[in-house]
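# Commentary on secondary and tertiary structure
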Amino acid sequence: MSVDVDGSRYVDDVEPRTLLVQHLRERLGKVGTVVGCDTSNCGSCTVLMGGADEAPLSVKSCSVLAVQADGASVTTIEGLAGPGGELHAVQQAFHELHALQCGYCTPGMIMSAVDLLRDNDDPSEEEIREGLAGNLCRCTGYQNIVRAVQAAAKSLREVVHA
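Residues numbered from 1 in each chain as written. Predicted model: local features only at pLDDT ≥ 70, side-chain atom pairs only at ≥ 80, totals over all residues. Heavy atoms only, no water.

### Here we look at the sheet that holds strand 4 (residues 57-60)
Strand order in the open sheet formed by five strands is 2-1-5-3-4, and the pairing between neighbours is mixed. Sheet topology places strand 2 (8-11) and strand 4 at the edges, where each strand pairs with a single neighbour. On average, each strand axis in the sheet is inclined to that of its neighbour by 35°, with strand direction left out of account. Two strands pair when backbone bridges link them, and strand 1 (residues 2-5) and strand 2 are joined in this way by four bridges, in the antiparallel orientation. Along strand 2, the bridge assignment pairs V5 with S8. Sheet strands in contact with helix 3 (residues 106-119) are strand 3 (46-50), strand 4 and strand 5 (73-75), and its direction is about 40° off that of strand 3. (Pairing = 2+ DSSP bridges. Helix = DSSP H or I, 4+ residues; strand = E, 2+ residues; numbered from the N terminus. Axes fitted to C-alpha atoms, helices over the stretch in contact; angles between N-to-C directions. Contact = heavy atoms within 4.5 Å.)

Okay, here's the thing in structure tokens:
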């Protein structure tokens, strides 16, 4: 299989039963993509994946076979930051607004929020909660997460209109 992960092309032989999350972590060293539940319920393993002709969508990498990513482009939490290491607006907002506690769900929350904000640049609180419904956090009350997504949306809108 051939897959573009975080801007680098990887060509590997993989067993047909290998999950994308396993391939990312064990073969490519992308350990920011965490394994939470192994059942696709928690969303901790969320990455962005798309083909050459399609916008990337958030997917739970524990529910995708690695071979299904053949020819695709995958962005992990490690690939979200800019080339100089500057944080993506969502990462920065999560940091500034303390939108995490233990941090285990954070990579998946951030990746899902990036997908949400690509489609809706000014989501309401209800739309944010709905957009992140596939991601579970066992530590927070979600309020700071929602605030962080709202702040990131505002920041991204300001960049577009600048």
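### As for the nonpolar core
Grouped together as the largest cluster of nonpolar side chains are 24 residues, with contacts concentrated most on V90, F94, M109, I110, L132, I145 and V149. Mapped onto this core, the elements with two or more residues apiece are helix 2 (89-96), helix 3 and helix 5 (143-161). By residue number, the principal contributor to this core is helix 3, which donates seven residues. Other than its neighbours up to four places away in sequence, F94 contacts A99, L100, T106, M109, I110, I145, A148 and V149. V3, V14, L24 and V47 belong to the second-largest nonpolar core, a separate cluster that totals 15 residues. (Core = buried A, V, L, I, M, F, W, Y, C linked by side-chain atoms within 4.5 Å. Buried < 20%, exposed > 50% of the residue type's maximum accessible area, 1.4 Å probe, protein only.)

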